[in-house]
Amino acid sequence: MDVMSTGVIAYYVLIASRNGLFTPIISNVKNIRYADPVPQAVILTAIVIGFSIQALMLVGVMKLARDNPTLESNEIEKNNTP
């Protein structure tokens, strides 16, 4: 999940990086092209969501490791089957 998320974010950053676009900050300069801030906000949100998913998966792995001190999937399935 993390590799896919990082790949998508890197792809959007690559697409969004164009020459001649400026940061949309209020200034006295007129007639310049500004970069669209909406994709930047979406990517920032995707980074935060990706971090929270990683933290949630880490908690799941820690709980699984505490309850089943083995790497054998057959043993883990046998311990968690009702």
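Residues numbered from 1 in each chain as written. Predicted model: local features only at pLDDT ≥ 70, side-chain atom pairs only at ≥ 80, totals over all residues. Heavy atoms only, no water.

## Overview of the overall build of the protein chain
Next, step 1: Along the protein chain, the regular secondary structure elements total three helices and zero strands.
Next, step 2: Its helices and strands in sequence order give the protein chain the pattern α-α-α, from N to C terminus.
Next, step 3: Taken over the C-alpha trace, the protein chain has a radius of gyration of 22 Å; the compact-globule value for 82 residues is 12 Å, which it surpasses by more than 25%.
Next, step 4: Here the protein chain, with 82 residues, has 7% of them falling under the buried criterion.
Next, step 5: Positive and negative side-chain charges in the protein chain, numbering 6 and 6 respectively, have mean positions lying 18 Å apart. (Helix = DSSP H or I, 4+ residues; strand = E, 2+ residues; numbered from the N terminus. Rg over C-alpha atoms; globule rule 2.2 N^0.38 Å. Buried < 20%, exposed > 50% of the residue type's maximum accessible area, 1.4 Å probe, protein only. Lys, Arg positive; Asp, Glu negative; His and termini not counted. Charge placed at Lys NZ, Arg CZ, Asp CG, Glu CD.)

## Some thoughts on a nonpolar patch on the surface
Next, step 1: Together, V8, Y11, Y12, L14 and I15 make up a nonpolar patch on the protein surface, roughly 530 Å² of accessible area in all.
Next, step 2: By the secondary structure assignment, Y11 is in helix α1 (residues 2-16). (Patch = residues over 30% accessible without salt bridge, like charges linked within 9 Å, V, L, I, M, F, W, Y side chains within 5 Å. Areas by Shrake-Rupley, 256 points an atom, 1.4 Å probe, with all protein chains shown as cover. Salt bridge = Lys/Arg side-chain N within 4 Å of Asp/Glu carboxyl O.)

## What about the confidence of the model for the protein chain?
Next, step 1: Chain-level pLDDT for the protein chain is 82 on average; 98% of the residues reach the 70-or-more range.
Next, step 2: The secondary structure element of the protein chain with the lowest average pLDDT is α1, at 82, and the one with the highest is helix α2 (residues 37-67), at 88. (pLDDT = per-residue confidence, 0-100.)

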